Amino acid sequence: MSDPTPVIDDLREESEELDALVARLGPGEWRLASPAPGWTVAHQIAHLAWTDRAALLAVTDEDGFRGLVEQALAAPDRYVDDGAEEGARQDPAELLAAWRDGRAALEEALRRATPGARFPWYGPPMAAASMATARLMETWAHGLDIADAIGVVRPPTDRLRHVARIGVRARDFAHAAHGLTPPAGQFRVELTGPGGDVWAYGPEDAPQRVTGPALDFCLLATQRAHRADLALTAEGPDADRWLDIAQAFAGPPGAGRKPKGTKGAAR
């Protein structure tokens, strides 16, 4: 993906859609519990704002971002929660304004990024398009948690194509995050998008494959649903194992969501 413009445009749309959802909330609704234990709606937006700031630093100040990585390594079990908690203590109007300002600054930086440049991150370095894809993925996933908290349904859109793509590309990273050796061969992944078209990745003749709805794959890769509750099919032992450990996000593996009917969630 050499031209980052399409995914940056989609990131803006995804963010604006979520913005419209939370902008109408009253102060009490910002304190509603989300599916992530201990996190309210405010925590979810605070996390997005915090991560946007980190991404902006990665794009514009590599030395400054290195300081964030050092903080994460010093407190790996608390780093994400502490950042969300700090932001969630803000007045909702101030928090919303901070999120808007931060994502606007990040969008401008990504659009102005030197073609071919790669930026540090908590996982592998990323180009501008990949950075925007990662931000879209998180915005969508945390937006789902917010929608669950306030009792609304956000219909899937073709913007999920970006989430699916990063989930597929993160296959080897997911294995490494679990201390596993990635499979030697490529998989074929065929996902049915919201509009009924098929999004395909990998060689057509690959002996191992994953098929199913794109929404379900995105829910799995962002750990917003348990595999047992999704209509995904794996052919081959390595593909089957991947569906147990898939993650589209950087950092250590999350706890994942429990099957429906049991308590538990991932951030």
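None of the values given here were measured: they were computed from a predicted structure.

Rules behind the numbers
Residues numbered from 1 in each chain as written. Predicted model: local features only at pLDDT ≥ 70, side-chain atom pairs only at ≥ 80, totals over all residues. Heavy atoms only, no water. Salt bridge = Lys/Arg side-chain N within 4 Å of Asp/Glu carboxyl O. Helix = DSSP H or I, 4+ residues; strand = E, 2+ residues; numbered from the N terminus. Buried < 20%, exposed > 50% of the residue type's maximum accessible area, 1.4 Å probe, protein only. Phe/Tyr/Trp six-rings, centres within 6.5 Å; stacked < 30°, edge-to-face > 60°. Lys NZ or Arg CZ within 6 Å of the ring centre and 35° of its normal. Core = buried A, V, L, I, M, F, W, Y, C linked by side-chain atoms within 4.5 Å. Contact = heavy atoms within 4.5 Å.

## Quick word on the pattern of salt bridges
Here the structure, examined in full by the defined rule, presents 25 salt bridges. For Arg154, the salt bridge goes to Glu14, with nearest N and O atoms at 3.2 Å. Here the residue Arg154 occupies a position in the loop between helix H6 (128–150) and helix H7 (160–169), and Glu14 occupies one in helix H1 (residues 5–23), the gap between them amounting to 140 residues. Each member of the pair, Arg154 as well as Glu14, is classed as buried. Notably, a salt bridge pairs Arg257 with Asp145, separated by 2.9 Å at the nearest N-O pair. Of this pair, Arg257 sits in the segment after helix H10 (237–245) while Asp145 is found in helix H6, placing the two residues 112 residues apart along the sequence. With relative accessibility at 10%, the residue Arg257 sits in the buried group. Here the salt bridges share partners, and the residues they tie into one network are Glu13, Glu14, Glu17, Arg154 and Arg159.

## Thoughts on the packing of aromatic side chains
If you walk through the whole model with that rule in mind, you get seven aromatic pairs. An angle of 10° between the planes, with centres 5.5 Å apart, marks the rings of Phe65 and Trp121 as stacked. Linking Phe65 in helix H3 (residues 62–74) with Trp121 in the loop between strand E1 (118–119) and strand E2 (126–127), this pair joins segments that are 56 residues apart in sequence. When its relative accessible area of 2% is taken as the criterion, Phe65 is described as buried. A residue is classified by how much of its surface remains accessible, and Trp121, at 13% relative accessible area, is buried. A connected cluster of aromatic rings, assembled from ring pairs, spans Trp50, Phe65, Tyr79, Trp121 and Tyr122. Above the ring of Trp99, the side-chain terminus of Arg103 is found at 4.2 Å from the ring centroid.

## Section: the nonpolar core
By size, the foremost hydrophobic cluster in this structure holds 56 residues, and its most contacted members are Leu110, Trp121, Met131, Trp140, Val189, Phe217 and Trp242. By residue number, the principal contributor to this core is H6, which donates 10 residues. What Trp140 contacts, discounting residues up to four positions off in sequence, is Glu14, Arg154, Leu160, Val163, Leu215, Cys218, Leu219 and Thr222. Leu21, Val22, Leu25 and Trp99 belong to the second largest nonpolar core, which has 19 residues in total.

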